[in-house]
Amino acid sequence: MTRGVRSVAGSSLSSVDNHEITMVRKTRRLPLPGEVLVKKGDRVEPDTVVAKISLRPGIPWVVPVARLLGIEASDTEACMFKKVGDRVKMKEVIARAEKGLYGRKEFESPTDGVIEDISNRSGRVTIREEFGKEEPPVKVDVAFELQCKPHEVRQYLLRQIGDEVKKDQIFAKKGETAAFFTKTARAPISGVIDEVDDRTGFVTIARPFKEVVVKAYLRGLVEEIIPERGVVVAVPAVTVNGIFGMGRETHGEIKVLVDSPDQELTPELITEDCAGKIIVGGSYATNEALKRAVEVGCKGVVCGTASYLNIVNSLGVQLGVGITGQEDIGTTVILMEGFGHLSMREHAFKVLKSLDGREASINGATQIRAGAIRPEVIVPFPAYPGELATPRVIDEELKVGDRVRCINDPYFGLMGEVISVPREPMKVESEAKVPVVEVRLADGRTTMVPRQNVEVW
Amino acid sequence: MAQGAREITSILATDVGSTTTKAILIEKRGDEYRLITRGEMPTTVEAPWENVMVGVRKAIRRVAELEQRPLLDDDGMLIRPKQDNRGVDFYVSTSSAGGGLQMMVAGLVKDISAASAHRAALGAGAVVLDVIAIDDGRSTSEQITRITELRPDIILMSGGVDGGSTTYIAAIAETVVQANPQPRFGATYKLPLVYAGNVDAQDLIQSIAANELDVHLVDNLRPRHDLENLGPAREAIHDLFMNHVMAQAPGYGQLMEWVDVTIMPTPGAVGSLIMLMAEKYHANIVGVDIGGATTDVFSSVEGTFTRTVSANLGMSYSITNVYEEAGFENVRRWIPFELDEEGLCDWVSNKMVRPTTIPQTMERLIIEQALAREALRLSWEHHKSLAKKVEAEQVEGWSTQTKWHRAGGTEIIEMMKLNMVVGSGGVLSHAPRREQAALMIIDSFQPEGITQLAVDSIFMMPHLGVLGSAYPEIAAEVFDKDCLVRLGTCIAPAGKGRMGRKCLTYTIHMPNGEVIKDELNCGAMRRYPLGVGEKAKVELHPIGAFDLGEGKGKPVNAEVEGGLVGIIIDTRGRPIEFPADDRERVAKLAEWIETLNVYPIEMIRKYQEESPIKSRDKGDDKGGKKRGGIFSLFRR
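Residues numbered from 1 in each chain as written. Chains lettered and ligands numbered in written order. Predicted model: local features only at pLDDT ≥ 70, side-chain atom pairs only at ≥ 80, totals over all residues.

Student: Explanation requested: the overall build of chain A in the structure shown.
Tutor: Along its length, chain A carries seven helices and 37 strands. A total of 457 residues make up chain A; the buried ones form 39% of that total. (Helix = DSSP H or I, 4+ residues; strand = E, 2+ residues; numbered from the N terminus. Buried ≥ 20, exposed ≤ 12 C-beta atoms within 10 Å, placed from the backbone.)

Okay, structure coming up:
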């Protein structure tokens, strides 16, 4: 996380072209303990892999051995030929129960793996399946196996996309009434159902155990190593925060396509040479512009606002509870001002304009609830020699003379200046009695606005 | 406790919420306990403060400032007991900061022990991350992967009837242990596991899990198939929340030293207050707390308490989700003028990204309250589907299937039996007109028969809930006098009828001797002022298929209580029916609004003129031409 870094207007010594440079630190962490690949003091690029987990533990097979052998749970361990930690092969007899002359029952291991647990309490044995390396996904011709049409495959699946299947498990079945006529498809490998193709009738089963890697995200220096987990990357940089974003971390060159913060982002501005770049618009991004940006292959779009319906329709993203950042939309979108038609803050636009052509790292991740995360544009200046600015905390208390912007109807988007801050709450049009401020709007009108509906500019 | 109550004259209560810390001061004035004042400050659990006590002290200082009497000494410590005009006698607190209490639940059978455990966890005020059961459709390895991913504060495990088999309980316990779940806060303590299953398996659970988890054994929450005993598990969760979970959060150590009774999770405290009230009034009560991110619904129906959380339905952070779940048409139906979908969507999304903004214009207030109706409706539907009761087995059929089905519990909410609905949360408590709150509750809960309506004045139910655990009488007194704002009584016959047909004839004997005799047609509303504390006798005669609790068409005589709104008679049918034609719908809405004085009618007319209803494209009308002739007789 950036520690309270927010770019605000200022003319401190530590500025380049009117924007502030602060020390930005990012913690890059693995979800599980793994291997850290860099050393403290190393110089890293956004794509440098700083930590990885080379192998995630395989699927555990939990087998009710006692029940299968018809013995008491407490006798499980006594019947086992193997002990915890032993390696077993598929079809290898690992337990045997003898009851009288003909009462011999044997249990064969369903998989290659290591015995992880033998429980005398529940009668279960846990075998952890092992994989040496990542194996390619396997395609199964389920339409052929079930003797059905390709588009019918989906309705016969017992396990859906994303579900886990084990080797030899029946994952698709046609026909219920008589076993004789039932057609089934079995999984040739253990894995996760990845894809169902309605045209060919093939089902893809993939090994879920991909390598988990964490990249540096920023160009900078490794400041700190978190053992087995990751690193902290630090770099002097300019940060611009948006208000809402979508899409994952990415990086690319900033390309400003408009001349002023109130110019709309339209599709004709987005040319083929925008591919791989982070494009910056002024106010509203039209539906066609968003579509065009995705088609062209822009890494990111930074603009003032967009319409909710456009985002849902063009990008297929549901906003839900406003927790984003995991969308696979190819193009990361950062809205500086929110939704509807609104021009970008002049200062933010100036900063972005002055950074035109520079390499930036962007992240659309937004979380408005508890511990707000806002989307960000970070432009590193790794070799910046000057004095760094200290992150400024914005004073939320409103004062006479503050420049403000209204953020709710009926003055949504209008700028103004606070001319008085009445102590007593006052009644507004909705008849609610709330704390207000008196604002002189840019067009000369003076009006009372609820304090919660203005933000300091 | 009752003896101590005589000596207590001043009580301070705080609720440490995720965004604000609210403090209230209750004092004995004369013979009665009353709310004196209330102070609110931002919660300081996160950086840069990272100490909850900073916010608690600020909120207390705010109260001290308003009351012009010192509550904290120079070192910032609470002055206790009260001496002259300084300090307080008793201090309690609730907390939902840092995301509240998050739990994972494990049971044997999804619809029996796991369902009971789920209810126990929700009742204790927890957010339930996942419910693991032998028959939940996932393989053991998937369960293990899922448990590993979760970061619960507490695990609740149940399963088996007392004296039953222990093998499967061992299996589920092993699954949990193999997953090696980690606590959310810090790795320095063992994750607590509350075991509330078959008592015979207690030693077994200890032997399986004691090395990895901090095992706490309580009575079985399903000792028999037909018996549910959630109390001990719920109490154990409350104790653990205070002693283990909260102790990890910054600054809570000191808060725990300050309080006189255990800190409760905020929803747990509200729940216990609802239970207390249901007991005191001998009534079936439903309470709802609609917040920015979540909506909690509590019900106490014939002694059975249920709480549910709709984690993604709320009026600011989750408002986009309310819109997405409800859909445009459902929001639009409550609005008495034309609405542009794109504009609405953008406004809703902006409210989500700037959650603290409030509606300034009447138009936006109407839209916000339409969304609130949908959020309440969806939460209430969710609650009704989960509120179940396990009854003593009365097997009518011989098949095991019947028994099995009954063991899952029977749904308990019958709208006709509800006596009171209490609303809480900003959109209801702070609605500019109380009529708005009343209509929002009626529209979303759609009460049937005779139901009292009330709202929480300033959201002090959590404070009173935790106070109730020590001094139930004081909590009940303050709840009645200062917390509960009585809105009045809603009289709504259940049933459906054609608009314009006669639905109800009634006689109201007002307390001033006035007798009102009238009748009402289907699709109408009427309001009669009846003040707070006043009572009126009503004689109601529902017509035809309409029912007021005694059966279809049967008369009902009752005494109803007044409130700030009075008596509301609602003959719109259940579920509420709107005219199919948009112009008629808007006219009907305006009529209801005018009758109840919900919004200024001249404003509504102005909006209707500014944005008239657009004529709908004929192609959309699937029914085509309206059916007349003989079909019209069947159109009810």
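Picking up where we left off.
Student: Just to check I follow, could you spell out the interface of chain B and chain A for this structure?
Tutor: With 43 residues of chain B at the interface, the matching set in chain A holds 43 residues. Contributions of two or more residues to the side of chain B that touches chain A are made by α4 (140-149), α5 (167-179), α6 (202-209), α10 (319-326), α12 (341-353) and α13 (362-386) of chain B. Within the side of chain B that touches chain A, the residues separate by chemical class into 16 nonpolar, 18 polar and nine charged. (Contact = placed C-beta atoms within 7 Å. Nonpolar A, V, L, I, M, F, W, Y, C, P; charged D, E, K, R; others polar.)

Student: Before we go on, may I ask you to explain the packing of helix α19 (residues 582-596) of chain B against helix α20 (residues 601-610) of chain B in this structure?
Tutor: Each pair of packed helices gets described by two things: the angle between the helix axes and the distance between those axes. Residue and element names in this part refer to chain B. Contact geometry for α19 and α20: axes closest at 10 Å, N-to-C directions at 165 degrees. Accordingly, the angle class assigned to the pair α19 and α20 is roughly antiparallel. Considering the relative orientation of α19 and α20, their crossing is right-handed. Contact residues: Val-586, Ala-590, Ile-593 and Glu-594 in α19; Ile-601, Ile-604 and Gln-608 in α20. Per-class residue counts for the contact of α19 with α20 are five nonpolar, one polar and one charged. (Axes fitted to C-alpha atoms, helices over the stretch in contact; angles between N-to-C directions. Parallel < 35°, antiparallel > 145°, perpendicular 65-115°, else oblique. Left-handed = near helix turned anticlockwise from the far one by under 90°.)

Student: Sorry, what's going on with the pairing of strand β28 (residues 359-363) of chain A here?
Tutor: A regular strand places its side chains so that they alternate between the two faces of the sheet. All names here are of chain A. Of all five residues in β28, four are buried, a share of seventy percent or more. With four bridges connecting them, strand β23 (residues 250-256) and β28 associate as antiparallel partners. Paired with His-251 across the strands is Ser-361, a residue of β28. In terms of strand pairing, β28 meets strand β30 (residues 376-380) through three bridges, oriented antiparallel. Bridged to Ser-361 within β30 is Ile-378. (Pairing = 2+ DSSP bridges.)

Student: What's the story with helix α17 (residues 461-468) of chain B in this structure? I'm lost.
Tutor: For α17 of chain B, the buried fraction is high: eight of the eight residues fall into the buried class. Every buried residue of α17 of chain B is accounted for by Met-461, Pro-462, His-463, Leu-464, Gly-465, Val-466, Leu-467 and Gly-468 of chain B.

Student: Whenever I open this one, the confidence of the model for chain A confuses me. Can you help?
Tutor: Interpreting fine coordinate detail is not advised for predicted regions of low pLDDT. Residue and element names in this part refer to chain A. Here chain A averages 83 in pLDDT, and 89% of its residues register 70 or above. Considering each helix and strand of chain A separately, the mean pLDDT is smallest for strand β1 (residues 15-16), with a value of 47, and largest for strand β24 (residues 277-280), with 94. For residues 1-16, every residue scores under 50 in pLDDT, and the model assigns this stretch 38 contacts once sequence neighbours within four places are set aside. (pLDDT = per-residue confidence, 0-100.)

Student: Can you walk me through the nonpolar core in this structure?
Tutor: Across soluble globular proteins, you tend to see nonpolar side chains buried next to one another. Within the largest apolar cluster, 257 residues are counted, with the highest numbers of intra-cluster contacts made by Ala-121, Leu-156, Val-194 and Ile-237 of chain B. Counting residues per element, this core draws most heavily on α13 of chain B, which supplies 10 residues. Ignoring sequence-local partners within four residues, the contact set of Leu-156 of chain B consists of Met-103, Val-105, Ala-117, Ala-120, Ala-121, Val-194, Ala-196, Ala-233 and Ile-237 of chain B. The next biggest cluster of nonpolar side chains, apart from the first, holds 16 residues, and it includes Val-63, Leu-69, Ile-94 and Phe-107 of chain A. (Core = buried A, V, L, I, M, F, W, Y, C linked by C-beta atoms within 7 Å.)

Student: Sorry, what's going on with the sheet that holds strand β20 (residues 515-521) of chain B here?
Tutor: Strand pairing in a sheet is mediated by backbone hydrogen bonds. Such pairs are either parallel or antiparallel. Residues and elements named next belong to chain B. Taken in spatial order, the four strands line up as β20-β19-β22-β23 in an open sheet, and their pairing is antiparallel. Only two strands of the sheet have a single neighbouring strand rather than two, namely β20 and β23 (556-561). Averaged over all pairs of adjacent strands, the angle between their axes in this sheet comes to 25 degrees, without regard to strand direction. Inspection of the sheet shows strand β19 (residues 502-509) paired to strand β22 (residues 535-542) by six bridges, in the antiparallel sense. Residue pairing for β22: Thr-507 is matched across the bridge by Glu-539.

Student: Would you take a moment to explain the environment of Arg-292 of chain A for this structure?
Tutor: Residues and elements named next belong to chain A. Secondary-structure assignment places Arg-292 in helix α5 (residues 287-296). Overall, the presence of 23 C-beta atoms within 10 Å leaves Arg-292 in the buried class. Between the C-alpha atom of Arg-292 and that of Glu-268, which follows or precedes it by 24 residues, the distance is 8.8 Å.

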